[in-house]
Amino acid sequence: MKEGSIIEFSYTVSSDFLFNLPPWTFQGEYPCLWSEYQVDLPEFFNYVSLAQGYLPYFIRKVSNYFKTYNVIQPGVTMSSAIEHVSLSGNVTSTRWVIKDAPAIKEENFTSTLKNHIAKIEFQLSQYRFPNAPVKDIMGNWVTASEELLKDEDFGMALEKDNNWLNDDLKTILAGTTTQLEKAQKIYFFLRDHFTCTDYSEVMLDNSLKTIFKNKNGNVADINLLLVTMLRHENILADPLLLSTREHGFVNELYPIMGRFNYVIAAVYLDDQTYYLDAARPLGFGKLSGDCYNGVARVISRDPSSVYFESDSLKEQKFTNVFIINNEKGLLDGSFKSSLGDIESSEIRERINKSGKESFFKKIKSSYGSDVKIYNEGIDSLKMLEEPVAVRYDFLLNPSGEDIIYFNPIMSEGYKENIFKAAQRNYPVEMPFAMNETFVLNMETPSGYVIDEMPKSAKVDFNSGEGYFEYMIGKTATGIQLRSRIVLTKATFSPDDYNTLRDFFGYVVKKHGEQIVFKKQ
């Protein structure tokens, strides 16, 4: 075997584990000329097939035949005789083939490749043996919810009186008068005093009393405790199962529990529903962007679906820059950028891990050596209900050159296209719909005149799904600029990819254009 060889292999799987019918992946990190999977299913077993991906089948053939099986059934006890059973029935044979499957590689704005790789998997749904009632294996969401509510590691603890919380809740809720205030106080108490040890779990690791005492636990521990404390105060609340973006999509129709990895709380107050996650440093009623991954499930006696779509997240970012001449012939500037909820949460997490100094060090490195940054600050860093604002002052030295080249977008511009691949065969999944505005008011440097400047432009994206505007003009003393990028949704089909790539290519081009100042 050498580089460039074509490798061909095939195999058959035999297994007694009927529940785990092996899945098949048609696509991987290398191109595949021919990928084939055939499954023959006797009518005694009903499997739900779950197919995904964006590649068409070259062959999908279904045929039926009749077959008799001789089954050896061991005795119930050691002394029992072995029983031979003959079963006859129809067999459905399905053959899937995908030809010339390209390699699939992770690109920018991909939740997880697990959502998009071409594959087929199976879930055992029913047994249908002759002369016997149909036996439901997978069930439905009503039965799945009932089982979860009876489970010691999930819902059983929620149904208890939990009187051990009485004294602590009196202290926590002191001074509250409304149910909303109580819900907020309970949420803030858990959010601010408990440490999450595992952000991928749907079952309790300990009893609720132990979790409360230790002040830590996995995400299910903390948020199921949140539901319990709310219910103790007669506030309607239910646990809600979801799958985070990196974990992959869940199937809305079938209760496949392995697809879920996260628990939050759904709280019902004054005809409004709040979704709370006390395992993360978030504002009341806010979730991290990772939770916006499609359908989620409320676990109750009347289970229902909830949809967390990234298209519904409308993030706004507004950046304001002022630059004026000072008495020393230098340019004094002030910068302030107000961020959206998701980006604010990300910045808080970065600063919590690395500190403010590291955060501003990266900002300073984005400027040249002729720019001095000082008076750095971050507003609302600890006020989790408010968006973060990053601010600093800076000093520019024109340095007496005959010609000055100045990029008016400064460090905030798009310097390269965020979509690099020439083509893409699966959707673009941005974390939120964007609305970014950059405004500059700048005095012309003392002793200089404007020689050249970019032209204004406006580009529409997909007939109303967004736009980019770059509006620049001279004033009596200098220049005003407004750059704005708007995308009204976050998820785009593969058919939109080239248009999206061209759109951001134009943004990069305009953001790279410079103003030329010429010495008088």
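Residues numbered from 1 in each chain as written. Predicted model: local features only at pLDDT ≥ 70, side-chain atom pairs only at ≥ 80, totals over all residues. Heavy atoms only, no water.

Undergrad: Could you give an account of helix α6 (residues 341-354), with specific residues and numbers?
TA: A rise of 1.5 Å per residue sets the reference length of α6, with its 14 residues, at 20 Å; its end C-alpha atoms lie 20 Å apart and thus fit the reference within 8%. Gly355, located one to two residues past α6, shows a positive phi value of around 90 degrees. (Helix = DSSP H or I, 4+ residues; strand = E, 2+ residues; numbered from the N terminus. Expected span 1.5 Å × (residues − 1).)

Undergrad: A description of the nonpolar core should follow, citing residues and the corresponding values.
TA: Note on soluble globular proteins: their nonpolar side chains tend to be buried together. Among the nonpolar cores identified, the biggest contains 64 residues, and Leu190, Leu226, Met229, Leu240, Val267 and Phe308 are the most heavily contacted of them. By residue number, the principal contributor to this core is helix α5 (residues 219-232), which donates nine residues. Counting residues in each nonpolar core, the second largest holds 53 residues, with Val321, Met434, Ile485 and Tyr497 among its members. (Core = buried A, V, L, I, M, F, W, Y, C linked by side-chain atoms within 4.5 Å. Buried < 20%, exposed > 50% of the residue type's maximum accessible area, 1.4 Å probe, protein only.)

Undergrad: How would you explain the packing of α6 against helix α7 (residues 356-365) if you had to name every residue and give the values?
TA: Running from N to C, α6 and α7 point in directions that differ by 115 degrees, and their axes come no closer than 7 Å. Here α7 runs roughly perpendicular to α6, going by the angle between their axes. Here Ile347, Arg350, Ile351 and Ser354 of α6 come into contact with α7, specifically with Lys356, Ser358, Phe359 and Lys362. (Axes fitted to C-alpha atoms, helices over the stretch in contact; angles between N-to-C directions. Parallel < 35°, antiparallel > 145°, perpendicular 65-115°, else oblique. Contact = heavy atoms within 4.5 Å.)

Undergrad: Can you break down the state of the cysteines residue by residue, with the values?
TA: Should the sulfur atoms of two cysteines be covalently bonded, the bond is a disulfide. One pass over the structure, following the stated rule, counts zero disulfides. The thiol of Cys196 is not disulfide-bonded; the next cysteine sulfur, from Cys291, is found 11 Å away. (Disulfide = S-S within 2.5 Å.)

Undergrad: I'd like a rundown of the packing of aromatic side chains, residues and numbers included.
TA: Within the structure shown, the criterion is met by 36 aromatic pairs. Between Tyr292 and Phe308, the ring centres sit 5.7 Å apart and the planes meet at 75 degrees, which makes this aromatic pair edge-to-face. One end of the pair, Tyr292, is in the loop between β12 (272-276) and β13 (294-298); the other, Phe308, is in strand β14 (residues 304-308), and 16 residues separate them in sequence. Phe308 carries the same exposure label as Tyr292, and that label is buried. Centre to centre, the rings of Phe335 and Tyr392 are 4.5 Å apart; their planes meet at 10 degrees, and the pair counts as stacked. Residue Phe335 is located in strand β16 (residues 331-338), and its partner Tyr392 is located in strand β18 (residues 389-396); the two are separated by 57 residues in the primary sequence. You'll find Phe335 and Tyr392 in the same group, each marked buried. Cluster of aromatic residues (ring-pair linked, three or more members): Phe109, Tyr414, Phe419, Phe461, Phe492, Tyr497, Phe503 and Phe504. A cation over a ring is seen here: Lys99 above Phe58, with NZ or CZ 4.8 Å from the ring centre. (Phe/Tyr/Trp six-rings, centres within 6.5 Å; stacked < 30°, edge-to-face > 60°. Lys NZ or Arg CZ within 6 Å of the ring centre and 35° of its normal.)

Undergrad: Could you give an account of the sheet that holds strand β27 (residues 515-519), naming the residues involved and the relevant values?
TA: Pairing in this open sheet of three strands is antiparallel, and the strands run β19-β27-β22 from one edge to the other. The sheet is open, and its two borders are formed by β19 (403-406) and β22 (448-452), each paired with just one other strand. Sheet twist, expressed as the average angle between the axes of neighbouring strands with direction ignored, equals 30 degrees. For β22 and β27, the ladder comprises four bridges, and the chain directions are antiparallel. (Pairing = 2+ DSSP bridges.)

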